[in-house]
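Structural description and commentary
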Amino acid sequence: CSATWAQNTVTISGTADMYVGSIQYAGTERQNKLGSGGMTTSWIGFSGTEDLGGGLKAGFALGSFMRLDSGALGRFNGDTSYARDANVSLSGSFGSLKLGRSSSPNFVPSLLVNPFGASFAFSPLIQHMDMTNVPGYTKTAQADTGWSNQVVYSTPKIFGGLTVNLHYQFSNQPSPNDDKNNAAISATYASGPLLLSGFYEQAELNNPTVTMRALKAKDWMLGGAYDLKFLKAFASYGAAEDMAQQDDEAATVQAGVSIPLGSGKVLASYAQTKYEVSSASDLTRKTLSLGYDYALSKRTDVYSIVMHDRFTGTNSGTSYAIGIRHHF
Amino acid sequence: CSATWAQNTVTISGTADMYVGSIQYAGTERQNKLGSGGMTTSWIGFSGTEDLGGGLKAGFALGSFMRLDSGALGRFNGDTSYARDANVSLSGSFGSLKLGRSSSPNFVPSLLVNPFGASFAFSPLIQHMDMTNVPGYTKTAQADTGWSNQVVYSTPKIFGGLTVNLHYQFSNQPSPNDDKNNAAISATYASGPLLLSGFYEQAELNNPTVTMRALKAKDWMLGGAYDLKFLKAFASYGAAEDMAQQDDEAATVQAGVSIPLGSGKVLASYAQTKYEVSSASDLTRKTLSLGYDYALSKRTDVYSIVMHDRFTGTNSGTSYAIGIRHHF
Amino acid sequence: CSATWAQNTVTISGTADMYVGSIQYAGTERQNKLGSGGMTTSWIGFSGTEDLGGGLKAGFALGSFMRLDSGALGRFNGDTSYARDANVSLSGSFGSLKLGRSSSPNFVPSLLVNPFGASFAFSPLIQHMDMTNVPGYTKTAQADTGWSNQVVYSTPKIFGGLTVNLHYQFSNQPSPNDDKNNAAISATYASGPLLLSGFYEQAELNNPTVTMRALKAKDWMLGGAYDLKFLKAFASYGAAEDMAQQDDEAATVQAGVSIPLGSGKVLASYAQTKYEVSSASDLTRKTLSLGYDYALSKRTDVYSIVMHDRFTGTNSGTSYAIGIRHHF
């Protein structure tokens, strides 16, 4: 509450992203809409760091998602208010320690290894990992892209470019659920044109509202990107089990490219997930997105995307969108 | 999320407005209260613009209403979090295009043509158009003063002072409601002492929570103001139909003055609405407000208002309020 | 809504406070958790003041609490969005007048007279006055630490260090509840090493959601602190009645010390409350907290606390916590 230090230290940032689209995921009806978050989920946040001396820093982050179409808070009704970030951290030569709600272990690796980044609407990989748009399809990363009650320890950069993160989520529930937890390891290596990233996570807790899962879901992914300047290539492979039923299994392969063209980039990505439930025949989801993302400035771009989405036993769907994304 | 550009571009603004009042609308009981938003609905917002070069600009706005009396978010329980603004825009020599939640077509014209501006508590015109305080009375602008899922195209200033706005609201619902929409045209002309403003809108959708209306409501208004320096005169006429029942009709006439006196202004406005339901006798609402608004600075004023409100078949009501409004 | 003045006048401030703890209040089960607000309830706020000339100032404050563990808004589900501050004020040589939601009369006195300040988790005094963690225990300050619909008049500093505050909360309800209110007087005197603070309040209304109380609860407290440099001593005594039942009574005595040690302070506080219900035997709650609060900077500290809590007829509980608090 001391005004004297406040003004210099709090940064306001966020993204306003809207598109006009005709959207049809596999197994769903076509819907024309003005949508929020075509390329990046719209958000606003407040953050800051304080230099404590001796290389030590304290920091905080508070970030809210919102739907710009309706002005509603959160990614969906019932989302937690600061679903993006709500944490305090301490960092130094030892690495960093972050306490509170922050990105889940799967999130950062997933957005680094596909050309559509963190597009929950149109990235095939993010669609397969995190979204439940397609009836009968089970998302592979069950425990949300943000974890509450989380302690994250991140190493400093080691071996010339590697960061390893250890994630632990408390249940914050009384006995007998007080030992239930989510736990994970994630890592990212970046050096010159090469990027590698991956995670392994176990989830006994749902997010953003923390409730107990019937099963301990497990999922992992490894992926990478290589920048040849005239083209950047992306690929990933991951698997998951015990998501919706005991011993169900999913495996996702994804490949994509980003090709500079004029002031923009041509984007293409394909993801395929085999979903195996013990007592039923296998199901396959196949999603292909093509787009062109044109930079009006470093902060503002316009994009157009076509996505084709198929899932065993239902109608396929094709989506079209044109949108604008503004970072602030 | 890039801190380097954020601090310079985000503007925080808003209004904190509170009054002590003894409030009685027609047909209601007297209530003594500490109320929020006597002259302007209290709000806080974050906005910014980016110069893209070549006369092109990108912008965003996020604005929340709140009730300062209780600290509750929104204008009422269940209001959308960013009910005032949640949009991204692009503007240039072609005019501007705004995507997301923003002011409805009726809002800006209505506040320009009456001396109490956007006072939802005490402006007779705003009371008749937008509020449901009086039992049995039907507001003429049914679809809220903010529209969700909205695309607004505004022309640049043409003919030396005219701006025309085209509004379209998507339903964002699947079939068979995907083509339901709100649509409107509004315009404002300002030149020297003269201001003219008006709108025509059709509404198949309710706001702020978007639901389907049983009927397509229609309403329009034309009004103006003329500034003679020693006195500013205001007048408006508007009509509406198919609001609560098929073929119901309302017509509202309003006139007012604002007279500079000392560091403040004397305000007076009278509105009369005839409400006609096919199978019943006509109903008439008559509301008169008198006030004095004293400027402590350009940003802060104190005001006192008396409002008398009558509606056919119920007790009349007289309200008294004294308040303070602070823009930040 | 005028951007030109906004950027210079709005201050963003707040506190991010998280701890890892093993928590057990009297009569409850042990719970391991990552908790929010060990020393200070986490919050973010926007505020500003405007110089009106002649010593007069206008100001506003909007402050939200949040739980950093889950990113949820408020101190608990159902808390009002701006539960900390939602008000506009005018101040000058006459003192200050604040309209809206702001601290209740009991809050500031209570945090000044105990060494753990406003720690709702670990201050024995705040636990006894404001929290309902212990089954069967009745908090003595029934009407919340923030009051909605409140007018607060504060005197300027008189007699070389005394400020007196008059608090009145409207019900904002129609007849027959329109005259129900909360009312109080509070005062603080600070001069050199001595601080004295106290309040008397009567509450017919609950907060933060304003509802009618069955009884008019009454509570008061007097306390003080004296700073001997090598040690700061704290003590308080208070009583309450008509909280949960007609003629129930509570009396709380508290004493504590804060002792500078290295870059930190050793903190100790003990509170004892006798709770007397007419038709039942007396109940006693005894709570002792010991802590060490180490300053990393003026804005950031780390703390470790042990709290022992007993209440007649139930199991005692001991809590352990280690945490970090960052002001911004």
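Here goes a summary of the coordinates provided. (Residues numbered from 1 in each chain as written. Chains lettered and ligands numbered in written order. Predicted model: local features only at pLDDT ≥ 70, side-chain atom pairs only at ≥ 80, totals over all residues. Heavy atoms only, no water.)

Further remarks concern the interface of chain B and chain C. Contacts between chain B and chain C engage 33 residues on the former and 37 residues on the latter. When the two sides are added together, the surface that chain B and chain C hide from each other amounts to roughly 3100 Å², 65% of it contributed by carbon and sulfur. Counting the surface chain B buries against chain C, the share from its top three residues, Leu-34, Arg-299 and Phe-328 of chain B, is 18%. Seen at the junction of chain B and chain C, the total is twelve residue pairs in polar contact (both at pLDDT 80 or more). (Contact = heavy atoms within 4.5 Å. Buried area = accessible area lost by both parts, 1.4 Å probe. Polar contact = N/O pair within 3.5 Å; in protein donor to acceptor, adjacent residues only side chain to side chain.)

Quick look at the environment of Leu-90 of chain A now. Here Leu-90 of chain A lies in strand β6 (residues 85-92). Classification of Leu-90 of chain A as buried rests on a relative accessible area of 18%. Note: C-alpha distance between Leu-90 of chain A and Leu-56 of chain A (34 residues apart in sequence) is 7.1 Å. Among residues more than four places away in sequence, those in contact with Leu-90 of chain A are Leu-52, Lys-57, Ala-58, Gly-95, Ser-96 and Leu-97 of chain A together with Leu-296 and Ile-324 of chain C. (Helix = DSSP H or I, 4+ residues; strand = E, 2+ residues; numbered from the N terminus. Buried < 20%, exposed > 50% of the residue type's maximum accessible area, 1.4 Å probe, protein only.)

Turning to the pattern of salt bridges, a few remarks are in order. Summed over all chains, the structure comprises 24 salt bridges over all chains. A salt bridge links Arg-75 of chain C to Asp-144 of chain C, with the shortest nitrogen-to-oxygen separation between them at 2.8 Å. Of this pair, Arg-75 of chain C sits in the loop between β5 (72-73) and β6 (85-92) while Asp-144 of chain C sits in the loop between α3 (124-130) and β8 (146-154), and the two are 69 residues apart along the sequence. Taking relative accessible area as the criterion, Asp-144 of chain C reaches 9% and is therefore assigned buried. One salt bridge connects Arg-285 of chain C with Asp-309 of chain C, and the closest N-O pair in it is separated by 2.9 Å. Note that Arg-285 of chain C is positioned in strand β16 (residues 283-295) and Asp-309 of chain C in strand β17 (residues 300-311), a separation of 24 residues in sequence. A relative accessible area of 0% means that Asp-309 of chain C is categorised as buried. What you see here is one network of salt bridges that share partners, running through Arg-75, Asp-79, Arg-101 and Asp-144 of chain A. (Salt bridge = Lys/Arg side-chain N within 4 Å of Asp/Glu carboxyl O.)

So, on to the relation of the copies chain B and chain A. The transform that puts chain B on chain A rotates by 120° and translates by 0.0 Å along the axis, for an RMSD of 0.0 Å. Taken together, the rotation angle and the small translation identify this as a three-fold axis. When the interface residues of chain B are mapped onto chain A, a mere 11% of them again fall at the interface, so the copies present different faces. (Least-squares fit on C-alpha atoms with pLDDT ≥ 70 in both.)

Before going further, it helps to spend a moment on the interface of chain B and chain A. Contact with chain B, which involves 37 residues of that partner, is made by 32 residues of chain A. Contact between chain B and chain A buries roughly 3100 Å² in total, counting both sides, with carbon and sulfur atoms accounting for 66%. On the surface where chain B and chain A come into contact, there are zero salt bridges. Linking chain B with chain A are twelve residue pairs in polar contact (both at pLDDT 80 or more), by the criterion used here. At the level of elements, α1 (3-6), β3 (43-53), β4 (56-67), β6 (85-92), β7 (95-103) and β8 (146-154) of chain B are the ones that each hand at least two residues to the side of chain B that touches chain A. The biggest single contributor to the side of chain B that touches chain A is β4 of chain B, with five residues. Counted by class, the side of chain B that touches chain A contains 20 nonpolar, 13 polar and four charged residues. (Nonpolar A, V, L, I, M, F, W, Y, C, P; charged D, E, K, R; others polar.)

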